[in-house]
Each structure stands twice: as structure tokens, then as C-alpha cells.
Amino acid sequence: MRIALYALGGTISVSGRAKGERLTGAEIIAAVPGLDGLGAVLDVRDAQAVPSGSLTFAHVLDVVRAASRAVDEGAAGVVVTQGTDTLEETAFLVDLVWRHDAPFVLTGAMRRPGTAGADGPANVLAAARVAASDAARGLGALVVLNDEVHAARWVRKSHSTSTATFVSPNAGPVGHVVEGRVRVLAVPPRRPPLPAGYDASVRVALHCVTLDDDGVGLERLAETHQGLVVAGFGVGHVPGALAPVLGGLADRIPVVLTSRTGGGSVLRHTYSAPGSETDLQQRGLINGGLLDPYKARVLLRLLLSAGAGRDEVVAAFASHG
Ligand code: GLU
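Residues numbered from 1 in each chain as written. Predicted model: local features only at pLDDT ≥ 70, side-chain atom pairs only at ≥ 80, totals over all residues. Heavy atoms only, no water.

Draft legend 1. Summary view of the site of the ligand. Around the ligand, the neighbouring residues are G10, T11, V14, R22, P51, S52, G83, T84 and D85. The contact in question runs from an oxygen atom of the ligand to an N or O atom on the side chain of R22, over 2.9 Å. The contact in question runs from an oxygen atom of the ligand to an N or O atom on the backbone of D85, over 2.9 Å. Protein coverage of the free-state accessible area of the ligand, which is 290 Å², stands at 77%. The residue makeup of the shell around the ligand, split by class, is two nonpolar, five polar and two charged. (Near = heavy atom within 4 Å. Polar contact = N/O pair within 3.5 Å; in protein donor to acceptor, adjacent residues only side chain to side chain. Areas by Shrake-Rupley, 256 points an atom, 1.4 Å probe, with all protein chains shown as cover. Nonpolar A, V, L, I, M, F, W, Y, C, P; charged D, E, K, R; others polar.)

Spelled out as C-alpha cells, the structure:
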């Protein structure tokens, strides 16, 4: 059995030997005890060596294309090592376009190699076990750290330094790695894959609403951006004064309404004050459902890159949200 592993930089690759020096994929896996007993060969490729904040949609989709070829040529699964900062977004981007049953597993580390309790080796071993596991087939993109398996659709980075930073507030982990065995407890819903085309000129902004936010300058956003995600208060509310600004934008570009809380869904028909979810939907905002702002932005940018019109955007959020 063959697993394709792509190394994309991040903390798991920070060598600590010399400023800026990074471990290669081969060096990362050389530090992992127990890989011999995996029953699979890791086919390691160095894709990018950057902090994950510097990854782009293009980088990620290039890796998806390479991984897709590897699976077509017989790889049973895929592992990507990368920085954890943007993992929740890259994983969801992969999940939206991944067309195989073979597991696509993303992992990383919170502690640098060589430090006390470095978590990279354990995470790589667990990720490789999941990538090689029949139980993980058909689940799309998965995030594996801390011996937990999270669906890309739900996972979030919730802490700046903890090794238990990855959580899925709406669903919990979909599985665990226990004594080397992959236990899947829940099957995340899968939707048909979206086109993996990407147009770098498509810009989607994210505006997080704050107390007393008057949105000055927001109305000019449609001149530079093709879409906007609003991270609203609670169930999808904004200050009343902001509602006409967002409504004006929604006449020109798709504007998706999400919650800044980090868990739960925006509502559809409970409140009716200016700036409420009902008011904003009447002004043309699209309901993001259970998608958090970061994931909603990934979906909207991918859709607009593929040339989706308003009806397709509405339909996609109705299905994915
Ligand atoms: N936490 C950073 C990341 O998500 C690591 C920074 C680095 O790799 O230099 O990639």
C-alpha cells in the first residue's frame, strides 16, 4: 500500500537549527517512530515550505491536483503536513473539490521539532494511519491531530498554543486513533465535488461586525471585491445602521451572512428588527447556515472563481450551509 505525503512547511517543519531553515518531508518522517509497522510506504514530496499564513488557494489546489494523480496511479490515501494557522481553511478547500474515496488527511504540529513534547511525529503517525484506513474512505478531507479525527467541514483552530487546539464545535471529532486503530464514530455528509478551477483575480472579503460598527468605507468594497462574507453577531445580526450598507452591497455582489460566535447556525426567521437575520435576508444577503465565516469565504471564493452566478451561489450555500 502506498500513501502520498506532501510537506507544506509550518511549525512541523521548523528545524530550530538555523534561522529560517526547515525540515524536508523526508526529515519529518525520519523522526516518526512506528511508521515501519504501518503496512504502507510513504511516498514523500516537498511541495511548499512556508508558514501556513503564506499558503494560497493556488498552492492548495496544486497539491490537490498532484494528490489526485497519485490516487489515480494507486495511492490508497494522502497526507499533507502544513502549518496549523490556516489548516481549517485549506482542509475545507480540499474537501470541496476532492473527488476520490481515498482519505485526504491534513496534519501539522503545535510544538516545533526537537522541543519537549513535540507533537509532530505523533500527528504524522496518526494521520498516516487514517490515510491508510478503510474506515476513513469516503469521508473526504480530514484533519488529524492529537489522535482525533475531524471533518474538514466542521474543524476549527480554537487555541493559539494548545496541542488540543483543533475542535469541531458543531459536531465533535468524527473519530479517534486508539492504540493505533482508527475508530470512526460519525460520517460527515458529502456533497458532489465542486470544480477545482481557480481565478486569482477573484477577491472575497470578510467583514467581522463589531459593537457600534458604522461600516464607513464598506460600500466601496464592490469596486475591488466580487463577494463578501459578513461575520455577524450571534444568530446573524448587525447594527441597524449597517443593514442598508450591506443591502446596497448585496445588490451588486453576493454577500453571505454568518455568525462570528464560532459555533451554531445563523437563523432565518426569528427576529425582525433592522439589522436582524430576517431584515438582512430581505435586503438580499445569503444565509450561510452552519458555515463559519472562514469556511463560508472559502466556498464563496471557489464558487465565484468557477464563474458561479447568484443563483448557483444561493443553491450552494443552501446545500453546504
Ligand atoms: N504557526 C505557523 C503556521 O501555521 C508556523 C509558522 C512557520 O512555519 O514559520 O504555519
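Draft legend 2. Quick peek at the packing of helix α3 (residues 87–97) against helix α7 (residues 293–305). Relative orientation of the contacting elements α3 and α7 amounts to 40°, with a least axis distance of 9 Å. Between α3 and α7, the interaxial angle falls into the category oblique. Handedness of the crossing formed by α3 with α7: right-handed. Taking contact as the criterion, the partners of E88, E89, F92, L93, L96 and V97 in α3 are, on α7, Y294, K295, R297, V298, L299 and L302. The class makeup of the residues in the contact of α3 with α7 is eight nonpolar, no polar and four charged. (Axes fitted to C-alpha atoms, helices over the stretch in contact; angles between N-to-C directions. Helix = DSSP H or I, 4+ residues; strand = E, 2+ residues; numbered from the N terminus. Parallel < 35°, antiparallel > 145°, perpendicular 65-115°, else oblique. Left-handed = near helix turned anticlockwise from the far one by under 90°. Contact = heavy atoms within 4.5 Å.)

Draft legend 3. Spatial organisation of unusual backbone geometry. The backbone of N146 shows a phi angle near 60°, a positive value even though the residue is not glycine. Tracing the backbone shows N146 in the loop between β5 (141–145) and β6 (148–151). The phi dihedral of D212 falls on the positive side, at around 65°, and the residue is not glycine. Among the structural elements, D212 can be located in the loop between β11 (204–208) and β12 (227–232). On the basis of relative accessible area, D212 is assigned to the exposed category, the value being 71%. (Buried < 20%, exposed > 50% of the residue type's maximum accessible area, 1.4 Å probe, protein only.)

Draft legend 4. Seen up close, the sheet that holds strand β3 (residues 77–81). Within the open sheet, the eight strands sit side by side as β2-β1-β3-β4-β5-β6-β9-β10. Their pairing is mixed. Pairing within the sheet leaves two strands with one partner each, and these edge strands are β2 (41–50) and β10 (181–184). Within the sheet, the average angular offset between the axes of one strand and its neighbour, ignoring direction, is 25°. The pairing of β5 with β6 spans four bridges and is antiparallel. If you follow L142 over to β6, its bridge partner there is A151. The sheet strands contacting helix α2 (residues 57–72) are β1 (2–9), β2, β3 and β4 (104–107), and the helix crosses β1 at an angle near 165°. (Pairing = 2+ DSSP bridges.)

Draft legend 5. Structural view of the pairing of β12. Extensive coverage of β12 is indicated by the burial of six of its six residues. Burial along β12 is two-sided: G227, V229 and A231 and L228, V230 and G232, pointing in opposite directions, are all buried. Pairing between β11 and β12: five bridges, direction parallel. Across the sheet, residue V204 finds its bridge partner in β12, namely G227. When β12 meets strand β13 (residues 255–259), the two strands line up parallel, connected through five bridges. If you follow A231 over to β13, its bridge partner there is T258. Once the chain exits β12 it traverses helix α5 (residues 243–250) before rejoining the sheet at β13, and the crossover so formed is right-handed. (Right-handed = clockwise from strand over helix to strand, strands pointing away.)

Draft legend 6. Expanded view of the packing of aromatic side chains. Using the criterion set out here, one finds two aromatic pairs in the structure. Centre to centre, the rings of W98 and F104 are 4.9 Å apart; their planes meet at 80°, and the pair counts as edge-to-face. The ring of W154 is capped by R153, whose NZ or CZ atom sits 4.2 Å from the centre of that ring. (Phe/Tyr/Trp six-rings, centres within 6.5 Å; stacked < 30°, edge-to-face > 60°. Lys NZ or Arg CZ within 6 Å of the ring centre and 35° of its normal.)

Draft legend 7. Structural detail: the pattern of salt bridges. Taken as a whole, this structure holds nine salt bridges when the rule is applied. The salt bridge partner of R2 is D43, with a shortest N-O separation of 3.5 Å. Here R2 is found in strand β1, whereas its partner D43 is found in strand β2, with 41 residues between them in sequence. Classification of D43 as partly exposed rests on a relative accessible area of 23%. A salt bridge links D279 to R283; its shortest N-O distance comes to 3.1 Å. With relative accessibility at 30%, the residue R283 sits in the partly exposed group. One salt-bridge network, in which partners are shared between bridges, spans R2, D43 and R45. (Salt bridge = Lys/Arg side-chain N within 4 Å of Asp/Glu carboxyl O.)

Draft legend 8. Focus on the environment of V41. When you line up the elements, V41 lands in strand β2. In this structure the C-alpha to C-alpha distance between V41 and M1, which are 40 residues apart in sequence, comes to 6.3 Å.

Draft legend 9. Geometry of the sheet that holds β13. Taken in spatial order, the four strands of this open sheet run β11-β12-β13-β14, and their pairing is parallel. Edge positions in the open sheet fall to β11 and β14 (286–287), since each of these has one partner strand only. The strands touched by α7 within the sheet are β11, β12 and β13, with β12 carrying the most contacts at an inclination of about 165°.

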